[in-house]
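What follows is each chain in one-letter form.
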Amino acid sequence: MIAQVIVDVAAKQTDRIFEYHIPQALDDVEVGSRVVVPFGRRKVQGFVVGLSEKSSFKGKLKDLLLVIDEMPPLTPELVELSKTLSDQIFAYRITLLQTMLPRVMRANYRKILTPIDEKVKNLPLFQGEPVDLNSVSDLDKIVLIKKLLKQNQAKIEYLVENKAKKKVEAQYNLTQKLAFYQEIVKKVPTNAKKQVALLNDIIENFDQYPKKSTDLKKLELSTSVLKTATQKGWLEKQEVETYRDPLKDFEPEKNARKITLNEDQQHALDKIAGSIKNKQAKTYLLEGITGSGKTEVYLHAIQETLNDGRNALMLVPEISLTPQMVRQVKQRFGSSVAVLHSALSEGERYDEWRRIRRGQARVVVGARSAIFAPLKNIGLVVIDEEHESSYKQEDTPRYHARNVALWRSKFHNCPLVLGSATPSLSSRARAQKGVYELLFLKHRANKKSLPEVEIVDLKKIQFAGGQFDLSVNLVEAIQEKIARHEQVILMLNRRGFAAFMLCRACGFVLKCPNCDISLTYHKDTKDMQCHYCGHKEPIPKRCPNCQSQEIRFLGTGTQKIQEELNELIPQAKILRMDVDTTRRKGSYKRILDSFGNHEADILLGTQMIAKGLDFPNVTLVGVINADTGLQMPDYNAAEKTFDLLTQVSGRAGRAQKTGHVMIQTYNPEHYAIELAKTQNYEAFYRKEMQVRHEGNYPPFFFTTLISVASKNEQTAAKFAFAVKRQLMAKLHAPTIILGPTPSSIAKIKNQYFYQILVKYKHEPNLNPILHQLQDKAQEVQKTGLNVYIDNEPERII
DNA sequence: AGCACGCCGACT
DNA sequence: GTCGGCGTGCTC
């Protein structure tokens, strides 16, 4: 038998199948097995993607060396998915296979130099031990090593190591009958208090044994006591494999309330449940405002799936994978839930993943990468907040979890539920066309009225303090709430790095004449540029609209706002939450717990505070500057702004108290802001579709972004123009090729970026051209030129 | 990717 | 002569 293997070498020349003979001893190998194979002179890890009787290879096949895991880590489904996906998103297949697995399963390669000749064994280089070549950098040593190899006095061994460590824990088994312990406890010297305590525990809780060392911790014994007990033959120590359980802090709720669904919810559930039963690969778009009870529909649908004997996969944005969220699911489905998200340690992640792979978890909840969970027999896939851009991975492999979900839904013949208060335009448009089925949740399940939203026009109001960030209105509102012992959430929309020109007098924002997108201030080149068409103009000294000299280039940070608040409202306790304060593991939860316990009055953060948080005591939500998002040079800037404002408004007044929202803006008349005031998604959808139609943007056109990066700006630009010429030669109208234009952040990590945006409706020539480009990309990488291809980009830097 | 082979210039 | 620089080609 022959195994078809994808080897762990990410390169275009090796991005194909290599065949290996399967030796007798390894005939348990399966599709999806992780193996070690000889590859040239080396040994590398690989994945078996097929088995065959005959080989098409002319030369002599080598043998597989090792099958690493007892159970193949990849299911045949995932192996197949890797093939389809690698073609779609221009990633090497091995990269995808690796992405599907926990990081600890990636191979660690080592080269070990071992002496052959007796004479060289005692050289200072070896000192009796083999040498790890990865840690040798000394030039003299390298010379010596080469000499030894040449004279055949030493050899190199190639090792493939597995980083995955199973956690083992000591377990103590009883060796005797109960009566024995009852006898022995009398004979133990009275000063051996801890031994007595241990024996008493054994006698009292005899049937709870064997106990693990964590369980014995409660007795406050030192390890020496356990050691003596083992030596005396009372106990027997055994190493057992355990799972690191990230959910151990969550107690399942004893008597979970039965929640009855309202009419809308029930209708949605019936539809979804019908598709679960009939094994229909149908996509539903569940549209409902905050508080309309989408989660409850998901949970009921998951229950239906389980009742039907199948398993469920639910994705939530990383940001809302909060303890609150996890608790909710855990309470409903108990130990059959597995969670996968980035806050887990690598070990925890590996253990959760193994529980899923072994079929011990029936419900998987996780962030983006959980879409690759090795769950079998899937009966339902849910994507909550489907419009979230975090479902798109921003570096290779640039997959979109929603696309992968569609594929898996087809594979398993099961429904896919996309839920959102503000669906992505593309999903909503598909629902319009009947590709997806639209399910509406019209009413807030908790019957609460929507919060009152007030737009604060920054052109017309007074600022508090010396800075132009906080209006008097907002500061007064905050003070009022604090005086009433209520809490406030303040959001600084996006961490704006791309500064834009704004007129303080009339609110004018300088835009590109061709693209209806604001021009970005380039400090390095001292001009204003459009990131779509490359238009440039000088930095204005006066406002082009009203000739006022009061123009500013904006960009502000959470830290600055915190300082201002400290000055203006000294009595307020402020918690800041942004990437800087949440970098450490668990700090996210710590900040939220602290705020939940009312240890602070104000939670100030970036958009990470906009989603899913539920603090009943919060009665005011303030958006410090709604415009920062609008000024981003992305075609979907308005959509992102509308989403964020709608989401963050939902944080106010979650319980009995009525919520109040204040949105500060220089553009109160912009449709994204105006419509966010009434949270009218449908109206926004219609307006934005019109804008997209006029601009030839998604969902009317597909898009692909090609980025070229180099340390040398000329090199990047030259290559980008060459790519453009090639595209122009082979693609035809109505396909639109924009650029190349320099990226808004002209230099990232000392690399200059140029990008080309291809917009197309139907362009069969594009995929082959881009594959050629991908091959070319590896070739030119040696010259320091990096080329990235992003299918359906969410962001255009 | 990484490793070997191979062909040229500059040293003990 | 030989060491080592990097261009070229291959890995089942």
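Residues numbered from 1 in each chain as written. Chains lettered and ligands numbered in written order. Predicted model: local features only at pLDDT ≥ 70, side-chain atom pairs only at ≥ 80, totals over all residues. Heavy atoms only, no water.

1. Some points on the environment of Lys511
- Within the secondary structure layout, Lys511 lies in the loop between β22 (500-503) and β23 (520-522).
- Lys511 sits in the partly exposed class, given a relative accessible area of 37%.
- The sequence separation of Lys511 and Gln726 amounts to 215 residues, and the corresponding C-alpha distance is 30 Å. (Helix = DSSP H or I, 4+ residues; strand = E, 2+ residues; numbered from the N terminus. Buried < 20%, exposed > 50% of the residue type's maximum accessible area, 1.4 Å probe, protein only.)

2. A closer look at the environment of Ala154
- Along the chain, the position of Ala154 falls in strand β9 (residues 154-162).
- Ala154 gets classed as buried once you look at its relative accessible area, which sits at 2%.
- Non-local contacts of Ala154, meaning those with residues more than four positions away in its chain, are made with Leu113, Thr114, Pro115, Ile116, Phe126, Leu148 and Leu149. (Contact = heavy atoms within 4.5 Å.)

3. Some remarks on the nonpolar core
- Counting 49 residues, the largest nonpolar core has Leu74, Ile356, Ile371 and Phe372 as its most contacted members.
- Residue contributions to this core reach at least three from each of two domains, namely domain 1 (2-107) and domain 4 (263-441).
- Contact partners of Ile356, with chain neighbours within four places excluded, come to Ala338, Leu340, Ala361, Val364, Ala373, Pro374 and Leu375. (Core = buried A, V, L, I, M, F, W, Y, C linked by side-chain atoms within 4.5 Å. Domains from an automatic or database assignment.)

4. Thoughts on the sheet that holds strand β16 (residues 363-366)
- Taken in spatial order, the 7 strands make up an open sheet running β15-β16-β14-β17-β18-β13-β19, and their pairing is parallel. Looking at the sheet topology across the chains shown, the edges are occupied by β15 (337-340) and β19 (437-441). Looking at each pair of strands side by side, their axes are set apart by 15° on average, direction ignored.
- Across the sheet, helix α12 (residues 401-412) touches β13 (283-288), β14 (311-315), β17 (378-384) and β18 (416-420), and the angle it forms with β17 is around 160°. (Pairing = 2+ DSSP bridges. Axes fitted to C-alpha atoms, helices over the stretch in contact; angles between N-to-C directions.)

5. Considering the pattern of salt bridges
- For the structure on display, the rule yields 26 salt bridges.
- For Arg355, the salt bridge identified is with Glu352, shortest N-O distance 3.0 Å. Residue Arg355 and its partner Glu352 are located together in helix α11 (residues 346-357), separated by 3 residues, close to a single helical turn. Exposure class is identical for Arg355 and Glu352. Each is buried.
- Connected via shared salt-bridge partners are Arg110, Asp132 and Glu161. (Salt bridge = Lys/Arg side-chain N within 4 Å of Asp/Glu carboxyl O.)

6. Considerations on helix α21 (residues 713-730)
- Counted at 1.5 Å a residue, the expected span for α21 with its 18 residues is 26 Å, and the 26 Å between its end C-alpha atoms agrees.
- Two or three places before Gln714, at the opening of α21, Asn712 has a side-chain oxygen 2.7 Å from that residue's backbone nitrogen. (Expected span 1.5 Å × (residues − 1). Polar contact = N/O pair within 3.5 Å; in protein donor to acceptor, adjacent residues only side chain to side chain.)

7. Things to note about the protein's contact with DNA strand C
- Surrounding DNA strand C, one finds 13 residues, the nearest of these being Glu19, Pro38, Gly40, Phe57 and Lys62.
- In the model, a phosphate oxygen of DNA strand C is placed 3.3 Å from a nitrogen or oxygen of the Tyr20 side chain.
- Among the elements of the structure, β2 (18-21) and β3 (34-39) are those that each provide at least two residues to the surface near DNA strand C.
- Counting residues per element, the surface near DNA strand C draws most heavily on β2, at 3 residues.
- Its residues assigned to classes, the surface near DNA strand C shows 6 nonpolar, 3 polar and 4 charged. (Near = heavy atom within 4 Å. Nonpolar A, V, L, I, M, F, W, Y, C, P; charged D, E, K, R; others polar.)

8. Some thoughts on the confidence of the model for chain A
- Across chain A, the average pLDDT comes to 86, with 90% of residues at or above 70.
- Across chain A, the element-wise mean pLDDT spans from 69 in β23 up to 98 in α12.
- Overall, residues 494-498 carries pLDDT values under 50, and its contacts beyond four positions in sequence, including any with other chains, amount to 13 contacts. (pLDDT = per-residue confidence, 0-100.)

9. Some details on the protein's contact with DNA strand B
- With respect to spatial proximity, the complete set of residues near DNA strand B consists of Val9, Ala10, Ala11, Gln13, Thr14, Arg41, Arg42, Lys111, Tyr158 and Gln778.
- Backbone atoms, meaning sugar and phosphate, make up 67% of the atoms of DNA strand B lying within 4 Å of the protein.
- The separation between a sugar or linking oxygen of DNA strand B and a polar side-chain atom of Arg42 is 3.3 Å.
- Gln778 places a side-chain nitrogen or oxygen 2.3 Å from a phosphate oxygen of DNA strand B.

10. Section: the packing of aromatic side chains
- Under the counting rule described, the total for this entry stands at 13 aromatic pairs.
- Consider the rings of Tyr671 and Phe684, whose centres lie 5.8 Å apart with planes at 25°: the pair is stacked. Here the residue Tyr671 occupies a position in helix α19 (residues 671-677), and Phe684 occupies one in helix α20 (residues 681-695), the gap between them amounting to 13 residues.
- Given the relative accessible area of 0%, Phe684 is considered buried.
- Their ring planes at 15° and their centres at 6.3 Å tell us that Phe753 and Tyr788 sit as a pair that is stacked. Linking Phe753 in strand β33 (residues 751-760) with Tyr788 in strand β34 (residues 785-791), this pair joins segments that are 35 residues apart in sequence.
- On the basis of relative accessibility, which here comes to 10%, the residue Phe753 falls in the buried class.
- Of the residues examined, Tyr788 reaches a relative accessible area of 28% and is grouped as partly exposed.
- An aromatic cluster is present here, built from Phe642, Tyr671, Tyr681, Phe684 and Tyr685 joined pairwise through their rings.
- Above the face of the Tyr350 ring, Arg354 is positioned so that its terminal group lies 4.5 Å from the ring centre.
- Sitting above the plane of the Tyr697 ring, Lys759 keeps its charged end 3.7 Å from the centroid. (Phe/Tyr/Trp six-rings, centres within 6.5 Å; stacked < 30°, edge-to-face > 60°. Lys NZ or Arg CZ within 6 Å of the ring centre and 35° of its normal.)

11. Looking at the packing of helix α5 (residues 193-204) against helix α7 (residues 223-231)
- Two elements in contact, α5 and α7, have axes whose closest approach is 10 Å; the angle formed by their N-to-C orientations is 65°. The orientation of α5 relative to α7 falls into the category roughly perpendicular. As for the relative orientation of α5 and α7, their crossing is right-handed in sense. In this structure, α5 contributes Lys194, Gln195 and Leu198 to the contact, and α7 contributes Val225, Leu226, Thr228 and Ala229.
- For the contact of α5 with α7, the class distribution of residues is 4 nonpolar, 2 polar and 1 charged. (Parallel < 35°, antiparallel > 145°, perpendicular 65-115°, else oblique. Left-handed = near helix turned anticlockwise from the far one by under 90°.)

12. Some words on the UniProt feature "binding site: Zn(2+) 1" (unreviewed entry) in chain A
- Mapped onto the present numbering, the UniProt feature "binding site: Zn(2+) 1" (unreviewed entry) falls on Cys503, Cys506, Cys543 and Cys546. The annotated residues occupy 44 residues of the chain but converge on a single region, no pair of C-alpha atoms lying more than 8.6 Å apart.
- Aside from chain neighbours lying at most four places away, what touches Cys503 is Phe508, Cys543, Cys546, Ser548, Glu550 and Ile551.
- In this structure, Cys543 sits in the loop between β25 (536-538) and β26 (551-554).
- Excluding residues that lie within four positions of it along the chain, Cys543 makes contacts with Cys503, Cys506, Phe508, Ser548 and Ile551. (UniProt positions renumbered as here; feature names shortened; annotations may be inferred.)

13. A few points about the sheet that holds strand β5 (residues 62-63)
- Judged by pairing direction, the sheet is mixed, and its 6 strands sit side by side in the order β5-β2-β1-β4-β3-β6 without closing on themselves. Two strands bound the open sheet, and with one partner strand each, they are β5 and β6 (66-67).
- When strand β1 (residues 2-7) meets β2, the two strands line up antiparallel, connected through 4 bridges. Residue pairing across strands places Ile2 opposite His21, the latter belonging to β2.

14. Focus on the pairing of strand β21 (residues 487-491)
- β21 sits mainly inside the fold: 5 of its 5 residues count as buried.
- Of the two faces of β21, both are covered, the one formed by Gln487, Ile489 and Met491 as well as the one formed by Val488 and Leu490.
- Where β21 meets strand β29 (residues 618-623), 5 bridges bridge the pair, whose relative direction is parallel. Bridge pairing in β29 links Met491 to Val623.

15. Considerations on the environment of His443
- Relative to the assigned elements, His443 resides in the loop between β19 and β20 (452-457).
- We classify His443 as partly exposed; its relative accessible area is 49%.
- Residues His443 and Leu644 lie 201 residues apart in sequence; the distance between their C-alpha atoms is 20 Å.
- Apart from the residues lying within four places of it in its own chain, the contact partners of His443 are Asn262, Asp264 and Ser292.

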